[in-house]
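# A look at the structure
The chain contents come next:
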Amino acid sequence: HRMAGGRLLDRNGSVMAFSRIEDGRLMRRYPMGPATSHIVGYQHRRFGKAGLEKAAQSELLGASLEIGDLLQNRRSSAGGDVRLTIDGFLQETAYFALRGKRGAAVVLDSRTGAILALASAPTFDPNRLDAKLMSDPSAPLLNRALAGLYPPGSTFKVAIAALSLELGFNGKIDCPAEGFTTSANRRPIRDHAYYTYQERGQQWPGYGELSMTTALER
């Protein structure tokens, strides 16, 4: 089984994956451990390859390969090294913020779309792979940032607002307490404030008529 010798580096040159000889065997090591496991993946004699260890294997072996926005440079002068747009400090910050939770966090450079951090929790240590990970009910191997079934939620409101403005909307938005529904057979869509009031045993009055600016603010 041939193991790639190239390194995976963050945008600042910090090593995220490298190869070394241990007890006469070529081994793959991951200095940032669980913090970068869902990006880097793993390369293991028993469990195979995952993440960028799999997707960038041709690059790590010295050939050229297009990976997309995760890659900053397609080929480095070191030959076989792959430098990512990931910022190791931001990645570890996201990792620590998610510890003990299930979820994902992604940080993008709004100017270029480059991925600066992409974290998923729970996570695993690629330096200590175990068969138990495959059957763990918390699914630590699942990359929730890329494959989690999360609704877009309030982030999508910005896209809808932008489309409305493009189409010439400049009126008022009615936001009643009872919410909106497209059919009597469907559950109403309500603002989060409705449920906050409900938890307190109170009835939310709604926002009433809002301009687009105020609606985005609220």
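Residues numbered from 1 in each chain as written. Predicted model: local features only at pLDDT ≥ 70, side-chain atom pairs only at ≥ 80, totals over all residues. Heavy atoms only, no water.

Between a side-chain oxygen at the N-terminus of helix H7 (residues 192-199) and the backbone nitrogen of Ala193 the separation is 2.9 Å; the capping residue is Asp191. Just downstream of H7 lies Gly201, where phi reads positive at about 80 degrees. (Polar contact = N/O pair within 3.5 Å; in protein donor to acceptor, adjacent residues only side chain to side chain. Helix = DSSP H or I, 4+ residues; strand = E, 2+ residues; numbered from the N terminus.)

Looking now at the packing of aromatic side chains. Evaluation of the coordinates by the stated rule reveals four aromatic pairs. Seen in terms of ring centroids, Tyr95 and Phe96 are 5.0 Å apart; in terms of plane orientation they differ by 55 degrees. Their pairing is tilted. The exposure class assigned to Phe96 is partly exposed, which follows from its relative accessible area of 48%. A ring pair is formed by Tyr194 and Tyr195, whose centres lie 5.0 Å apart and whose planes are at 80 degrees; its orientation type is edge-to-face. On the basis of relative accessibility, which here comes to 19%, the residue Tyr194 falls in the buried class. (Phe/Tyr/Trp six-rings, centres within 6.5 Å; stacked < 30°, edge-to-face > 60°. Buried < 20%, exposed > 50% of the residue type's maximum accessible area, 1.4 Å probe, protein only.)

What follows covers the pattern of salt bridges. Considering all chains together, one arrives at six salt bridges under this definition. Put simply, Arg29 and Glu22 hold a salt bridge, and the shortest N to O gap is 2.9 Å. Owing to a relative accessible area of 21%, Glu22 belongs among the partly exposed residues under this scheme. The salt bridge partner of Glu53 is Arg28, with a shortest N-O separation of 2.7 Å. With a gap of 25 residues between them, Glu53 in helix H2 (residues 51-55) and Arg28 in strand E3 (residues 25-29) connect regions that are remote in the sequence. The class for Glu53 is buried, based on a relative accessible area of 0%. Linked through salt bridges whose partners overlap, the residues forming this network are Arg20, Glu22 and Arg29. (Salt bridge = Lys/Arg side-chain N within 4 Å of Asp/Glu carboxyl O.)

This part is about the confidence of the model for the protein chain. Chain-level pLDDT for the protein chain is 87 on average; 90% of the residues reach the 70-or-more range. In the predicted structure, residues 64-68 sits below a pLDDT of 50 and forms 13 contacts with residues beyond four places in sequence or in another chain. Under a pLDDT of 50 for its full length, residues 73-79 has, in the predicted model, nine contacts with residues more than four places off or in other chains. (pLDDT = per-residue confidence, 0-100. Contact = heavy atoms within 4.5 Å.)

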